[in-house]
Amino acid sequence: MRVLFIHSDYLKYQTKNKTKIAEQIEPDQKEGYFKDVLVVFTAVEAEDENKSEEIVPKVIKEVEDVFKKIKAEGIVIYPYAHLTSSLSSPETAKSILNNMETILKEKGYKVARAPFGWYKSFEISCKGHPLSELSRTITPEDKIQEIEEKDIESQWYILDQGKLISPDEFEFKSEELRKLAMYELGKIKSSGEESPHVKLMREKNLADYEPSADVGHLRWYPKGRLIRDLLADYVYQLVTHEGAMQVETPIMYDLADEAIRVHAEKFGERQYRMGHSKKELMLRYACCFGAFRVLSDSFLTWKNLPVRIYELSTYSFRMEKKGEVVGLKRLRGFTMPDLHTVCQDLEQSLTEFDRQILMCKKTGEDLEVNYEVIFRATEDFYEKYKDWMHQAASKVDKPVLIEILAERKHYWICKMDFAAIDYLGRPIENPTIQIDVESGERFDITYVNEDEEEAHPIIIHCSPTGSIERVICSLLEKTAIERNEKAPMLPTWLSPTQVRLLPISERHLDFALDFAAKLKDHNIRVDVDDRVERVGKKIRNAAQEWIPYVVVIGDREVESGEITANIRKNEEKKTTDLDNLVKIIKDETSGMPFRALPLPLLVSERIAF
RNA sequence: GCCUUAGUGGCUCAGGCGGUAGAGCGAUGCCUUGGUAAGGCAUAGGUCGGGGGUUCGAAUCCCCCCUAAGGCUCCA
């Protein structure tokens, strides 16, 4: 519901024509004149439908609060559809407005209500003091329930080699796990420093803020876009290897669909809504909506299961609070690999969960990012599947943080979250696996079981890497953590330029171009710094771009055909030839996706973003 | 969203107790054809985040807004 309060010297209205939805009125309601009143312009919205019992007390409270502050003589409720683009049915609106009037009268206020569904002329004189114009959005969510949820505290443990130990007593061998535990238990102190990745993403020309979009939406430059694509290719390889089928589904959904609405409301205020005169739409916060709709319309039998549906959401949208949006770590629009696995029953989902733990663990190894693990379950689930949980945790090969929730708050009963730890010691939530016991039924996803009966499956949600942006965030943060030990860089397979050639003078350019063409034929991203600058400067610039292999081309190289590669990773100079350089890079990037360099070969032809 | 702080050439910043701006990097031009982390000289480039107000006059003072950083809170 939307409400606009105007504290006015007077309000005068006169009914003109009826609309189709006009209410019956008495002759004395045809016009009205009120002095020193709080006018409550009100629009009842689609989301208030059937929520009269929740919405009315809340709006009454708002009216009373404002009324007491401004000390007006009376209240006029004025139906005003134009405050929203998503109106409720006229019946709901009439009933809510009538209720408001009745309750306020019972409370002893002098209340009038302008007739509903009539065209009216009106004149108003706003007093103009600071409280004389106020607007409110009132939502029907049940706040009381939220408070209750917060009150139920979880139990926290470290699970190490089959033993549950209190985090206070555990002797942490991993500083990162300790930081994660302290953060989750709310015991970490903030240092007030900036996240290094924000500066790096801009400095390295990967991405930048776009002030003309909403907060938390980035523009990506060619290098950043390349890295995103390579990571997307990587996840695609990984999940298709696991038997997943890729789909693509719409980014927005109609809230008139009951299942969509209920699943969307699990996300509360963080939904991105889109107003529209006839439809109330939401932008997806994950791929669940599309995947579930596809699965709901698919014919599945027990022989098909488990079925794995994969989508990379470019984008998912979450209305994160403005003050929390930061760099690549928390965005309002982000790219999430999302794998949904349909399982016959809980037993099958546990087998799949085991596989997915290994898959998530592998991404950490492939990306060279250390993850610490939080394993969460409801108390019921933990009691029943303790043995399974302990063996599942053992797959991580190190102690994990355990949260046991008193009762199920969300759609999952068990989940495993993998988090990298950033430069400031805070977790970056990356991969996740969740067992969903609600959505099968809610979205009417069914399969035919062995007894030829229809049954609702268990669904596992899994993001093997977490959002692509957060992967990049983790990689950049890692360079900052390690900057005292080694030269910062991205893994070679993700480095935009893998080899840079530095011709010393113009007469070495042809040789360099020929060398570059050959590297390019081997699917190596190479470029040539042909600018008229000194070698020292070109070396420095290449280092600033974190280029893994830098080769100076001068008379010696042209004559001998041998080159010396400056290898950033170990700060080594290696004299070798073209074939061997190719081999070194191929070995280093083996099994990882390749894409061509989306920039001109010649550095002199590039533009500054 | 709230609290605190900030926004000055493409980038990083200096200056501002009211009299319309400076540096370094980068860019451009010329010289230098140079062997492993910044060669030299010159030139261009700014409605000082946006809008209002006070004032003869605002980058500077006041108000509102936008954006960012840190914190709070939150993270299905």
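Numbering of residues begins from 1 in every chain and follows the order in which that chain's sequence is written. Chain labels run from A onward and ligand labels from 1 onward, assigned in the order the entries are written. Only residues with pLDDT of at least 70 are given local features in this predicted model, and only at 80 or more are side-chain atom pairs given and counted; all residues enter the totals for whole chains, interfaces and linings. Derived side-chain values reflect all non-hydrogen atoms in the structure, with water molecules and hydrogen atoms excluded from consideration.

Right, let's get into the sheet that holds strand S22 (residues 447-448). When DSSP locates at least two bridges between a pair of strands, those strands are taken to pair. To qualify as a helix, a DSSP run of H or I must reach at least 4 residues; to qualify as a strand, a run of E must reach at least 2; elements of each kind are numbered from the N terminus. An order of S15-S22-S23 is seen for the 3 strands of this open sheet, with the pairing classed as mixed. Bordering the open sheet on either side are strand S15 (300-301) and strand S23 (454-455), each of which pairs with just one other strand. As defined by bridge partners, S22 adjoins S23 across 2 bridges and the pair is classed as antiparallel. Directly across from Tyr447, in S23, lies its bridge partner Ala455.

Moving on, we get to the domain arrangement of chain A. In this entry, domain limits derive from an automatic or database-based domain assignment. Domain assignment breaks chain A into domain 1 (2-147), domain 2 (175-479) and domain 3 (492-605). A straight line from the C-alpha centre of domain 1 to that of domain 3 covers 70 Å.

Next up on the list: the protein's contact with RNA strand B. Distances are taken per atom, and a residue is near a molecule or strand as soon as one of its heavy atoms is within 4 Å of it. Of all residues adjacent to RNA strand B, which total 45 residues, the nearest are Tyr209, Lys322, Arg330, His410 and Ser505. A share of 42% of the atoms of RNA strand B within 4 Å of the protein falls on sugar and phosphate groups. His410 is positioned with one of its side-chain polar atoms (N or O) 2.3 Å from a sugar or linking oxygen of RNA strand B. At the level of elements, helix H15 (535-544) and helix H16 (555-560) are the ones that each hand at least two residues to the surface near RNA strand B. No other element matches the 6 residues that H15 contributes to the surface near RNA strand B. Three residue categories are used. Nonpolar comprises Ala, Val, Leu, Ile, Met, Phe, Trp, Tyr, Cys and Pro, charged comprises Asp, Glu, Lys and Arg, and polar comprises the others, including Gly. The residue makeup of the surface near RNA strand B, split by class, is 15 nonpolar, 10 polar and 20 charged. Pairing of N or O atoms within 3.5 Å defines a polar contact, subject to two protein rules: one partner must be a possible hydrogen donor and the other a possible acceptor, and residues neighboring in sequence count only if both atoms are side-chain atoms.

As a further point, take the nonpolar core. Working definition of a nonpolar core: buried Ala, Val, Leu, Ile, Met, Phe, Trp, Tyr and Cys residues. They are joined through side-chain atoms within 4.5 Å. Here's how the labels work: a residue is buried when its accessible area is under 20% of the maximum for its type, exposed when over 50%, partly exposed in between, all with a 1.4 Å probe on protein chains only. Membership of the largest hydrophobic core comes to 72 residues, with the highest contact counts inside it found for Phe375, Phe381 and Trp388. Top element by residues in this core is helix H6 (residues 222-241). It accounts for 9 residues. Two domains each provide a minimum of three residues to this core, namely domain 2 (175-479) and domain 3 (492-605). By definition, residues are in contact when any of their heavy atoms lie within 4.5 Å. Those residues in contact with Phe375 that lie beyond four places of it in its chain are Phe353, Trp388, Met389, Ala392, Ala393, Val400, Leu401, Ile402, Glu403, Cys414, Lys415 and Met416.

What follows deals with the pattern of salt bridges. Salt bridge, as applied in this entry: a Lys or Arg side-chain nitrogen positioned within 4 Å of an Asp or Glu carboxyl oxygen. This model, assessed by the stated rule, comprises 47 salt bridges. One salt bridge in this structure joins Lys266 and Glu438, with 3.1 Å as the shortest N-O distance. Here Lys266, found in the loop between helix H7 (258-265) and strand S13 (272-274), pairs with Glu438, found in the loop between strand S21 (427-436) and helix H12 (439-442); they are 172 residues apart in sequence, far enough to count as distant. Classification of Glu438 by relative accessible area gives buried; the value is 17%. Note that Glu403 and Arg376 form a salt bridge whose closest N and O atoms lie 2.5 Å from each other. One end of the pair, Glu403, is in strand S19 (residues 400-405); the other, Arg376, is in strand S18 (residues 372-378), and 27 residues separate them in sequence. For the pair Glu403 and Arg376, a shared accessibility class is recorded, and that class is buried.

Taken in spatial order, the 5 strands of this open sheet run S26-S25-S27-S28-S29, and their pairing is mixed. Each edge of the open sheet is held by one strand with a lone partner, namely strand S26 (526-528) and strand S29 (572-576). The mean inter-strand angle of the sheet, taken between neighbouring strand axes irrespective of direction, is 25°. Relative to S26, strand S25 (residues 499-503) is paired through 3 bridges, and the arrangement is parallel. Looking across to S26, one finds that Val499 is bridged to Val526. Helix H14 (residues 509-521) rests against S25, S26, strand S27 (549-553) and strand S28 (563-567) of the sheet, and its axis sits at about 170° to S26. The angle between two axes is taken between their N-to-C directions and runs from 0 to 180 degrees, where each axis is a line fitted to C-alpha atoms and a helix contributes only its stretch in contact.

With that out of the way, let us pick up the packing of helix H9 (residues 346-367) against helix H11 (residues 386-394). In the contact formed by H9 and H11, the axes pass within 10 Å of each other and the chain directions differ by 15°. As the angle between them shows, H9 and H11 are arranged roughly parallel. Of the two possible hands of crossing, H9 and H11 adopt the one that is right-handed. Listed contacts from H11 to Leu350, Phe353, Asp354 and Ile357 of H9 are Trp388, Gln391 and Ala392. Looking at the contact of H9 with H11 residue by residue, the classes come out as 5 nonpolar, 1 polar and 1 charged. In these notes the angle categories are as follows: under 35 degrees is roughly parallel, over 145 is roughly antiparallel, 65 to 115 is roughly perpendicular, and the rest is oblique. Whether a crossing is left-handed or right-handed is set by the direction in which the near helix is turned from the far one by less than a right angle, anticlockwise for left-handed and clockwise for right-handed.

In S28, alternate side chains face the same way, and those of Ile563, Ala565 and Ile567 are buried while those of Thr564 and Asn566 on the opposite face are not. By the bridge criterion, 3 bridges tie S27 to S28 in an arrangement that is antiparallel. Across the sheet, Val551 pairs through a bridge with Ala565, a residue of S28. As judged from the 5 bridges shared by S28 and S29, these two strands associate in the antiparallel manner. Note on S29: the bridge partner recorded for Thr564 is Thr575. Here S28 folds back onto S29 in antiparallel fashion, the turn holding 4 residues, of which Glu571 has a positive phi close to 50°.

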